[in-house]
Amino acid sequence: MSPTAIIAKKRDCQELSGDEIRFMVDGFVAGAIPEYQIAAWAMAILCRGMNEGEIADLTDAMLNSGIRLQLATQRPRVDKHSTGGLGDKVSLILAPLLACFEVDVPMLSGRGLGITGGTLDKLESYTGFRCDLTVAEISTQLQELGCVITGTTPEITPADRKLYSLRDVTGTVPSVALITSSIMSKKLAASLDALVLDVKYGSGAFMQNLEDARSLANSLVSTGRRMHLATRVILSDMNQPLGRMVGNACEANESVEVMQGGGPPDLVELTLRLSAELLVAVQRFDELGTAIEALKRTLSSGRALEKYEAMISAQGGTFSTRLPTAAAYTLESPGAGWLGKLDGQLLGQAVIGLGGGRTRLNDPVDPAVGLEMLVRIGDRVESNQPILRVFARTQANYERAQKMLLSALQFSETPIEATRLIAEI
């Protein structure tokens, strides 16, 4: 087989066979097919799409490029995955919270893609935190704590490990086929009993509208069904950041606030709903309302925070209830009105410009920079009212971000209805 011929076949809207897909995936992992050809193939997939069968074959090829985690305990094994969005730090809360309910959470996570911060990048805000646990270390930590958040090991879905990084810097992130195969290959490799997925739509997400999000949700559920994994999907709004904070250390701090019984209502709501879906799926509770009430009590009691601190320490991190952030600069509203829209892409690019994300594969990430949203869509704003707090290393960095941030905000002369967080299940 020829990589060039397979790239051209997909470029010309033709269906790839399972053998052709496995040839590309196996060749990439083995080093026989170079990155530039895989990048071209990924772009062809993004532009031309894949049907259900092709996506299943791609997921299967990526899954079988490595090993699967063996069960560490007799407890049910669950996990959650988000398609990513500004300020989405749910995973940091959900894993230790669920571990308080006698389930195992082996969360194999990734780094930032596009404008969104990665779970691993957020956790690495804690000095010394390890995201490269071995299979044996994952098993041991599950036995002892019931939760672990780490990157995929060299043995687990190595194809996804390589392709994930390449997608971030080649403009191929928003592909339904590539997102589905990436998510589902990792989750299937974790040998789960139940999976809940948070598919986001809006200006701060990869899927810009609800219709595209539904398409991705259907692809994920279909793949889960094919692989005999109980899969639930929540479609959630990402037309503004989740919670107040955007930026790695900022988001870690906000996660701790939630585990102390506080935090922004939208972040708490989504975390509780995703967690409850999993607890009901593995029959820890009979219905969602009872599960949510039990989860609320656990957050208020501090048990989830104790579990989180233990997880950070077990993975080599130095825990702190409040990580240091860069100097804070306040951005004021240029006029009065109601906040009508936010351009999440511009907000995310501003954070990247501050040093909080990557534009190239091996760029370092500054955990201390970021944003705090002081107003929400639908809020009435007065002239010169503080609307954003920007955490920047220098005045010059803040001033460069300022113009982009102001252009990301749209105001209305008439009242605007606040957006609904959870659109569909």
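Residues numbered from 1 in each chain as written. Predicted model: local features only at pLDDT ≥ 70, side-chain atom pairs only at ≥ 80, totals over all residues. Heavy atoms only, no water.

A. View of the packing of helix α2 (residues 18–30) against helix α8 (residues 158–168). Between α2 and α8, whose axes approach to 9 Å, the crossing angle comes to 85 degrees. Comparing the axis directions of α2 and α8 gives the class roughly perpendicular. Contact residues: V25, F28 and V29 in α2; P158, A159, K162, L163 and L166 in α8. Considering only residue class, the contact of α2 with α8 consists of seven nonpolar, no polar and one charged. (Axes fitted to C-alpha atoms, helices over the stretch in contact; angles between N-to-C directions. Helix = DSSP H or I, 4+ residues; strand = E, 2+ residues; numbered from the N terminus. Parallel < 35°, antiparallel > 145°, perpendicular 65-115°, else oblique. Contact = heavy atoms within 4.5 Å. Nonpolar A, V, L, I, M, F, W, Y, C, P; charged D, E, K, R; others polar.)

B. α2, seen in detail. Here α2 contains 13 residues, and its C-alpha end-to-end distance of 18 Å stays within 8% of the 18 Å for a straight helix at 1.5 Å per residue. Those residues of α2 lying buried are G18, E20, I21, M24, V25, G27 and F28. (Expected span 1.5 Å × (residues − 1). Buried < 20%, exposed > 50% of the residue type's maximum accessible area, 1.4 Å probe, protein only.)

C. View of the sheet that holds strand β6 (residues 245–246). An order of β6-β9-β11-β7 is seen for the four strands of this open sheet, with the pairing classed as antiparallel. A single partner strand is all that each edge strand has here, and the edge strands are β6 and β7 (327–332). Bridging between β7 and strand β11 (residues 386–392) involves six bridges; their strand directions are antiparallel. Note that in β11 the partner of E332 across the bridge is P386. The sheet contacts of helix α15 (residues 344–356) involve β6, β9 (370–373) and β11, and relative to β9 the element is tilted by about 140 degrees. (Pairing = 2+ DSSP bridges.)

D. Fine view of the packing of aromatic side chains. The full count for this structure, using the stated rule, is five aromatic pairs. Here F101 and F285 contribute two aromatic rings whose centre-to-centre distance is 6.0 Å and whose plane-to-plane angle is 65 degrees, an arrangement assigned as edge-to-face. Within this pair, whereas F101 is found in the loop between α5 (90–99) and β2 (105–109), its partner F285 is found in the loop between α12 (265–281) and α13 (288–301), the two being separated by 184 residues in sequence. Accessibility expressed as a relative area gives 12% for F101, which makes it buried. Using a relative accessible area of 18% as the deciding quantity, one classes F285 as buried. Taking the centre distance of 5.9 Å and the plane angle of 20 degrees together, the rings of Y126 and F319 count as stacked. With Y126 in the loop between α6 (119–123) and α7 (135–145) and F319 in the loop between α14 (303–314) and β7, this residue pair connects regions lying 193 residues apart in the sequence. The residues Y126 and F319 share a single accessibility class, namely buried. (Phe/Tyr/Trp six-rings, centres within 6.5 Å; stacked < 30°, edge-to-face > 60°.)

Spatial relationships are all this shows, so hold off on functional conclusions.
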